[in-house]
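Chain residues, written in single-letter form:
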Amino acid sequence: QVQLVESGGGLVQAGGSLRLSCAASGSIISINNMGWYRQAPGKQRELVAAITSDDITNYADSVKGRFTVSRDNAKNTVYLQMNSLKPEDTGVYYCDAVIWTVFLRTSHYWGQGTQVTVSS
């Protein structure tokens, strides 16, 4: 099967930075789109940033200019560099990837989530 393991969350003051990582492993042939979502308490999960296999990126308006998504295809890893963090960035951040597996199926996979808390 496939696993996505996230790391890098934590507590930071407003204006600070964090870098999230998400590594995919398992029965992988290739990875298409990868992305980051977040869910704040009492709110729906929302897209933060996404990156295609051709390194085309897409960002939520609320994070443009502050967050940068990137990937290392050799390591099957996607990153989210978060700068100038605001209290409203607080939430659980989930990694998402569309993966073609050795079972010749393409499916969405999710990480377990990592908590990001920004204090004012």
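Everything quoted here is computed from the prediction, not taken from an experiment. (Residues numbered from 1 in each chain as written. Predicted model: local features only at pLDDT ≥ 70, side-chain atom pairs only at ≥ 80, totals over all residues. Heavy atoms only, no water.)

A. Spatial organisation of the packing of aromatic side chains. Overall, the coordinates contain one aromatic pair when judged by the stated rule. Cation over ring: arginine 19 sits above tyrosine 79, and NZ or CZ is 4.1 Å from the ring centre. Sitting over the ring of tyrosine 94, arginine 45 keeps its end group 3.7 Å from the ring centre. (Phe/Tyr/Trp six-rings, centres within 6.5 Å; stacked < 30°, edge-to-face > 60°. Lys NZ or Arg CZ within 6 Å of the ring centre and 35° of its normal.)

B. Highlighting the sheet that holds strand E8 (residues 77–82). Ordered by their spatial adjacency, four strands build an open sheet running E1-E3-E8-E7, and the pairing between neighbours is antiparallel. Of all strands in the sheet, those with a lone pairing partner are strand E1 (2–7) and strand E7 (67–72), marking the two edges. Between one strand and the next, the sheet's axes are offset by a mean angle of 15°, whatever the strand orientation. Where E1 meets strand E3 (residues 18–26), six bridges bridge the pair, whose relative direction is antiparallel. The residue bridging glutamine 3 from the neighbouring strand is serine 25, located in E3. (Pairing = 2+ DSSP bridges. Helix = DSSP H or I, 4+ residues; strand = E, 2+ residues; numbered from the N terminus. Axes fitted to C-alpha atoms, helices over the stretch in contact; angles between N-to-C directions.)

C. Spotlight on the nonpolar core. Judged by nonpolar contacts, the single largest core of 30 residues is most densely connected at Leu4, Trp36, Leu80, Met82, Tyr93 and Ile99. Excluding residues that lie within four positions of it along the chain, tyrosine 93 makes contacts with Glu6, Leu20, Trp36, Tyr37, Arg38, Val48, Phe67, Leu80, Met82, Gly113, Thr114 and Val116. (Core = buried A, V, L, I, M, F, W, Y, C linked by side-chain atoms within 4.5 Å. Buried < 20%, exposed > 50% of the residue type's maximum accessible area, 1.4 Å probe, protein only. Contact = heavy atoms within 4.5 Å.)

D. Representation of unusual backbone geometry in the model. Non-glycine residue aspartate 55 carries a positive phi angle of around 65°. Within the secondary structure, aspartate 55 is located in the loop between strand E5 (46–51) and strand E6 (57–59). Within the chain, serine 84 stands out as a residue other than glycine whose phi angle is a positive 50°. Note that serine 84 resides in the loop between E8 and strand E9 (91–101). The partly exposed category is assigned to serine 84, whose relative accessible area is 40%.

E. Quick look at the state of the cysteines. Counting across every chain of the model gives one disulfide. Residue cysteine 22 pairs covalently with cysteine 95 via a disulfide, S to S 2.1 Å. Residues cysteine 22 and cysteine 95 are joined through a disulfide that is left-handed, its torsion about the S-S bond being -80°. Remark: cysteine 95 occurs in strand E9 and cysteine 22 occurs in strand E3; sequence separation between them is 73 residues. Across the pair, exposure class does not vary: cysteine 22 and cysteine 95 are buried alike. (Disulfide = S-S within 2.5 Å.)

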